[in-house]
Amino acid sequence: MEYTAKSIANLISGEIIGSPNTKVTTISKIQEAQKGALSFLANPAYLNYLNTTKASIVLINKEFVPKERIKPTLIVVDDSYKAFATLVNLSQKLKNVELSGIENNSFVHKEAILGENVYIGAFSYISQNAVIGDNVKIYPQVYIGENVEIGENTIIHPGVKVYHDCKIDKNCIIHSGVIIGSDGFGFAPQKDGTYLKIQQIGNVVIEENVEIGSNTTIDRATLGSTIIKSGVKLDNLIQIAHNVEIDQNTVIAAQTGIAGSTKIGKNCLIGGQAGFVGHIKIADKTNIGAQAGIVKSVKNEGTILLGSPAFELTKFHKSYSVFKNLPEMRNEIEDLKKQIKLLEEKLGTTNK
Amino acid sequence: MEYTAKSIANLISGEIIGSPNTKVTTISKIQEAQKGALSFLANPAYLNYLNTTKASIVLINKEFVPKERIKPTLIVVDDSYKAFATLVNLSQKLKNVELSGIENNSFVHKEAILGENVYIGAFSYISQNAVIGDNVKIYPQVYIGENVEIGENTIIHPGVKVYHDCKIDKNCIIHSGVIIGSDGFGFAPQKDGTYLKIQQIGNVVIEENVEIGSNTTIDRATLGSTIIKSGVKLDNLIQIAHNVEIDQNTVIAAQTGIAGSTKIGKNCLIGGQAGFVGHIKIADKTNIGAQAGIVKSVKNEGTILLGSPAFELTKFHKSYSVFKNLPEMRNEIEDLKKQIKLLEEKLGTTNK
Amino acid sequence: MEYTAKSIANLISGEIIGSPNTKVTTISKIQEAQKGALSFLANPAYLNYLNTTKASIVLINKEFVPKERIKPTLIVVDDSYKAFATLVNLSQKLKNVELSGIENNSFVHKEAILGENVYIGAFSYISQNAVIGDNVKIYPQVYIGENVEIGENTIIHPGVKVYHDCKIDKNCIIHSGVIIGSDGFGFAPQKDGTYLKIQQIGNVVIEENVEIGSNTTIDRATLGSTIIKSGVKLDNLIQIAHNVEIDQNTVIAAQTGIAGSTKIGKNCLIGGQAGFVGHIKIADKTNIGAQAGIVKSVKNEGTILLGSPAFELTKFHKSYSVFKNLPEMRNEIEDLKKQIKLLEEKLGTTNK
């Protein structure tokens, strides 16, 4: 697709300096842009790139407009980053809208229900009684189990697998390789040392506006539901065990694991590779550092934790800075012992 | 499917209080049950839910039967949790039995051998000389490489990939996204700084009654076999490197990684996000805490380890509780230094 | 396939002791070999297996040839391990060469461009404008997005997903379940507590001779490219975030995570389950221990780090060895306090 400065300026209510007919076909960072690219300048640290950039059009904040005439066509706005993000989101939406229809070589069970303007890619499998909402995009090689419900506008990337009875609400984005609704890890130890599988007959419920990163796994509940509430953002390779609940707008970085039945509050920020034991409850707005190990419930909102087992972040840093000097501390104690021994000897002498 | 109180009581030898014609179509926790649900009451802490539950049928232990008449139909048994688990397992088995036949749009090589009553889902690929046992269920989008053998009753969920020459024995459950038999991570450093791939020509052998969680990866051996012995249970997102051996009935939680050639004993319990270096041997019944880092062999059965590098759990906890107070200890040492200096001064004065 | 001692000796310029007509059909470790197997003996610790092995042919170093006549046919070379590796690589190459052609039930967009001798497995999806180089092998159930380019001889194992616009150069090996080009984890916090998705419109660029292990995820850049340079080897279940760059010949073990925009130097060695925060720069030849947490840039080549947060490895080990004895140190300090109190009392007495 090709856009003119004029059409872009119209979309974002900007003012053009230069030719309104300048055309762009791509988007780039200002320092890497070539002819035909749209860039933006929102950070004064990058001002000097204005003179060297090969970008054809640059969105620019009012206050950064240079006095001399420069090569790229400028579009002047109040907040060029916001304007840029708007354009990008728009162009992406246009792209996705193009996908629709049921591709050959997909399987849609005759008792599945499809909404309007649905896209089902080749080699995807839609099972009996699945309900797919309007405008849902299901890319190739996706598996949707029996009775699964998917809300409108949700995008399911290639290779996602959703086991039977799970629900995904509207406006979600599920990335490739995500597994939703596999069995929770539940086994009863037997007298002979073997383990008996506990059937996992619950499901997974994902509310609206959730995004889930590649190869993340979310297990179905033993009974009831594993629940991911609206607005939650999960990064790649995260493990969510059975019966976990994650409340609204919590953000979790890659490779974190949450064990069974743990409940995470609203608007928490959780770093990468963190781990949570099962059956605990984490207060709203808790902030967990990367690689932390959370072994007990957090009761106070706004708590910030680090370490494994984790405790309050600034306390952890203080302890850790002493840890780094433990060998010196070890030596100091040895010195103190010697000094005391000397003192004792002196005192003995004095007393004699 | 729909079940009556009478048919359920027959299956589990229970005694009905209420109408034998009460019907249920689903299973729920007693605190969440709606009309048409079967629940159970095995824990006295939940006794008060008996009066408020909307469940149509409740399985109940003899000793918990209330004196007054209540709304749900009761089925009285000795152990309602066990009876409930039996029903659930039965209903799940009935469900799985329904799947059989080769779906259209699957690929089965003409030189693959299929047992009786096999299910092969659409878009699954069964390669040359693969041998699939009786009653095996292979869901859609699975890849079975050349010469792979799969034992009877094993269930392979959507999207699993099994590379050539690997063997999976009977009664296993392999969850979505599991990769079995990808190349071990073996490279020889060259003089110019590049690495030469060492071909990985071994395989993976998985014995009977093993369950493997979503997106777990098990690499093939360089030579010989990576071996997962009978009864082992692996959770999601686990990494098993080439030539690892895991002995019978060991249970490993999510996101743990085991480096090459390490051998884990029988009946070990291994927490989530733990890591093992390569070429070590772990005794039977070893218990490894979450996020532990195991850097050397464990010789004694029943050892319990925590920390990274890991050591004995109670010792770790004692050290860690001091770690949390290291800044205070640091201050105490400074105090001691001052006190000693004062003592020395005093003693000097005294001696004068 | 079947090979004779004569044909093998020819390939590796070896000298035969025994029958040149001895045949082998498989490859085994010397201690496990059966009739029909080719083994090798490169380590004197295994010399005694020469008398018991059932291998039909053994490659052997000159200096290990026994004086008495033994059962297997021997092929004598200077370096039997190298000869063995050569044979194995050759046999693997022969195997892969056999795969070619477009299987039925694959989807290749009419505007995709395929090179010569390409293999596209069933249920694979090649999107519009994708460019697939000569001799590329794409196994079943792979997804190749729009405008993706794949260089010659690259092997893509079953189930890999490559999002639109990503580039993979020649001679790469991508293992099953790898996700390349999923959206980076970028969200802007809003006043109402929700998060706004930042569109990720960059791509992923993978240079030549890169190998990527199963279920590893590499996110596309926000703008620009996430870059994996030539010769990099990534193990399984690794997370590479948006805009990361990994320089030539760096090797990373399983389950490591690298946060956004971090740049890793050339020829680094990175252990398993390590984590890197975003926006840092790691010098060439840095060596990172398993489970380490890297929270700041590394400026000096050859730095070796361990711990979380990580610091210099030998210093970490010294601190950790004191950590293990912290309770004893705690007691020593209590003792010192008592001793000083006693001294003070004594000194008081003396002074009186």
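About the cut-offs
Residues numbered from 1 in each chain as written. Chains lettered and ligands numbered in written order. Predicted model: local features only at pLDDT ≥ 70, side-chain atom pairs only at ≥ 80, totals over all residues. Heavy atoms only, no water. Domains from an automatic or database assignment. Least-squares fit on C-alpha atoms with pLDDT ≥ 70 in both. Contact = heavy atoms within 4.5 Å. Buried area = accessible area lost by both parts, 1.4 Å probe. Salt bridge = Lys/Arg side-chain N within 4 Å of Asp/Glu carboxyl O. Polar contact = N/O pair within 3.5 Å; in protein donor to acceptor, adjacent residues only side chain to side chain. Helix = DSSP H or I, 4+ residues; strand = E, 2+ residues; numbered from the N terminus. Nonpolar A, V, L, I, M, F, W, Y, C, P; charged D, E, K, R; others polar. Pairing = 2+ DSSP bridges. Buried < 20%, exposed > 50% of the residue type's maximum accessible area, 1.4 Å probe, protein only. Phe/Tyr/Trp six-rings, centres within 6.5 Å; stacked < 30°, edge-to-face > 60°. Patch = residues over 30% accessible without salt bridge, like charges linked within 9 Å, V, L, I, M, F, W, Y side chains within 5 Å. Areas by Shrake-Rupley, 256 points an atom, 1.4 Å probe, with all protein chains shown as cover. Lys, Arg positive; Asp, Glu negative; His and termini not counted. Charge placed at Lys NZ, Arg CZ, Asp CG, Glu CD. Arc of directions from axis to C-beta.

### Concerning the domain arrangement of chain A
By domain assignment, chain A separates into domain 1 (3-98) and domain 2 (160-309). Between the C-alpha centres of domain 1 of chain A and domain 2 of chain A there is a distance of 40 Å.

### A word on the relation of the copies chain A and chain B
Turning chain A through 119° and shifting it by 0.1 Å along the axis lays it on chain B, with an RMSD of 0.2 Å. When the rotation and shift are considered jointly, the pair of chain copies conforms to a three-fold rotation axis. The rotation axis passes nearest to the C-alpha of F123(A) in chain A, at a distance of 3.5 Å.

### Brief notes about the interface of chain C and chain B
Counting residues at the interface gives 63 residues for chain C, matched by 66 residues for chain B. Interface area for chain C against chain B, summed over the two sides, is near 4900 Å², with a carbon-plus-sulfur share of 63%. Of all residues in chain C, the largest losses of buried area upon contact with chain B belong to F123(C), F323(C) and L347(C), amounting jointly to 11% of the total for that side. As a salt-bridge pair, E332(B) and R330(C) come within 2.8 Å of each other at their nearest N and O atoms. On inspection of chain C and its partner chain B, the count reaches 28 residue pairs in polar contact (both at pLDDT 80 or more). Of all elements in the fold, only α2 (80-97), β28 (233-234), β31 (251-252), α3 (313-323) and α4 (326-351) of chain C reach the threshold of two or more residues within the side of chain C that touches chain B. No other element matches the 14 residues that α4(C) contributes to the side of chain C that touches chain B. Residues of the side of chain C that touches chain B, tallied by class, amount to 30 nonpolar, 21 polar and 12 charged.

### What about unusual backbone geometry?
Cis geometry is found at the peptide bond from S308(A) to P309(A), where omega equals -5°. With respect to the helices and strands, the residue P309(A) is situated in the loop between β39 (304-306) and β40 (311-312). Even without being a glycine, N147(C) presents a positive backbone phi close to 65°. Turning to its location among the elements, N147(C) is positioned in the loop between β15 (143-144) and β16 (149-150).

### Considerations on the sheet that holds strand β20 (residues 173-174) of chain A
An order of β8-β11-β14-β17-β20-β25-β28-β31-β34-β37-β39-β40 (chain A) is seen for the 12 strands of this open sheet, with the pairing classed as mixed. The sheet terminates laterally at β8 (101-102) and β40 of chain A, the two strands that pair on one side only.

### Let's talk about the pattern of salt bridges
Side chains that differ in charge, positive against negative, can pair when their charged atoms come close. Scanning the entire structure with this criterion turns up 30 salt bridges over all chains. Among the ionic pairs, R330(A) bridges to E334(A), the shortest N-O distance being 2.6 Å. With R330(A) and E334(A) both in helix α4 (residues 326-351) and 4 residues apart, the pair spans about one turn of that helix. Relative accessible area serves as the criterion here: at 21%, R330(A) is assigned to the partly exposed category. E245(B) is the partner of K263(B) in a salt bridge, and the nearest nitrogen-oxygen pair spans 3.6 Å. With a gap of 18 residues between them, K263(B) in strand β33 (residues 263-264) and E245(B) in strand β30 (residues 245-246) connect regions that are remote in the sequence. Among the charged side chains, a salt-bridge network with shared partners connects R330(A), E334(A), K337(A) and E332(C).

### A look at the interface of chain A and chain B
Reports of interface size often rely on the accessible area that becomes lost once the parts have come together. Counting residues at the interface gives 66 residues for chain A, matched by 63 residues for chain B. With both chains or domains summed, chain A and chain B bury close to 4900 Å², and 63% of this area falls on carbon and sulfur atoms. Looking only at chain A, the three residues that lose the most surface to chain B are F185(A), Y195(A) and L223(A), adding up to 13% of its buried area. Run the count over chain A and chain B and you get 3 salt bridges. Here E332(A) ties to K337(B) by a salt bridge, and the two come within 3.0 Å at their closest N and O atoms.

### Comments concerning the sheet that holds strand β36 (residues 281-282) of chain C
Two pairing modes exist for strands in a sheet, parallel and antiparallel, and in both the strands are linked by backbone hydrogen bonds. Residues and elements named next belong to chain C. Here we have 9 strands laid out as an open sheet, ordered β10-β13-β16-β19-β24-β27-β30-β33-β36, and parallel in their pairing. Across the chains shown, the open sheet's two edge strands, defined by having one partner strand only, are β10 (113-114) and β36. Across 2 bridges, the pairing between strand β13 (residues 131-132) and β16 is parallel. The partner of V131 across the bridge, within β16, is E149.

### Thoughts on the side chain of K197(C)
Relative to the helices and strands, K197(C) is located in strand β23 (residues 195-197). In this structure the side chain of K197(C) is engaged in a polar contact, spanning 2.8 Å, whose partner is the side chain of E211(A). There is a polar contact of 2.8 Å between the side chain of K197(C) and the side chain of D183(C). Ignoring sequence-local partners within four residues, the contact set of K197(C) consists of N89(A), I173(A), E211(A), D183(C), G186(C) and F187(C).

### With respect to the packing of aromatic side chains
In this description, an aromatic ring pair is defined by two values, namely the gap between the centres and the angle between the planes. Under the criterion given, the structure shown has 48 aromatic pairs over all chains. Their ring planes at 80° and their centres at 5.1 Å tell us that F185(A) and F187(A) sit as a pair that is edge-to-face. Residues F40(B) and Y81(B) carry aromatic rings whose centres are separated by 5.5 Å and whose planes lie at 45° to one another, so their mutual orientation is tilted. In this pair, F40(B) sits in strand β5 (residues 37-41) while Y81(B) sits in helix α2 (residues 80-97), placing the two residues 41 residues apart along the sequence. Of the aromatic side chains, those joined through ring pairs into one cluster are F311(A), F316(A), Y320(A), F323(A), F311(B), F316(B), Y320(B), F323(B), F311(C), F316(C), Y320(C) and F323(C).

### Concerning a positive patch on the surface
A cluster of basic residues, K296(A), K315(A), K318(A) and K324(B), forms a positive patch at the surface. You can see K296(A) is positioned in the loop between β38 (293-294) and β39.

### Notes on the environment of Q239(B)
Residue and element names in this part refer to chain B. Relative to the helices and strands, Q239 resides in strand β29 (residues 239-240). Residues Q239 and I258, 19 residues apart in the sequence, show an inter-C-alpha distance of 6.2 Å. Only 2.7 Å separates the side chain of Q239 from the side chain of T217, close enough to count as a polar contact.

### Some points on the environment of Q339(A)
Mapped onto the elements, Q339(A) comes out in helix α4. Looking at Q339(A), the relative accessible area reads 29%, which means it is partly exposed. Expressed as a C-alpha distance, the spacing of Q339(A) and L306(A), which sit 33 residues apart in the sequence, is 38 Å. The residues touching Q339(A), leaving out its near neighbours within four places in the chain, are I340(B) and E344(B).

### Quick word on helix α1 (residues 5-12) of chain A
Looking only at α1(A), the buried set comprises A5(A), I8(A), A9(A) and I12(A). Mapping the buried residues of α1(A) onto a view down its axis gives an arc of 100°, with all of them on the same face.

### Regarding a negative patch on the surface
There is a patch of like negative charges on the surface, built from E116(A), D134(A), E152(A) and D169(A). Mapped onto the elements of the fold, E152(A) is located in the loop between β16 (149-150) and β17 (155-156).

### A look at the pairing of strand β6 (residues 57-61) of chain B
Residue and element names in this part refer to chain B. Counting buried positions over the 5 residues of β6 gives 5, a clear majority of the element. Strand direction decides the pairing type here: β5 and β6, joined by 4 bridges, are parallel. When the bridges of β6 are listed, L41 appears paired with I60. One ladder, built from 5 bridges, connects β6 with strand β7 (residues 73-77); its direction is parallel. From the neighbouring strand, I57 faces β7, where its bridge partner is T73.

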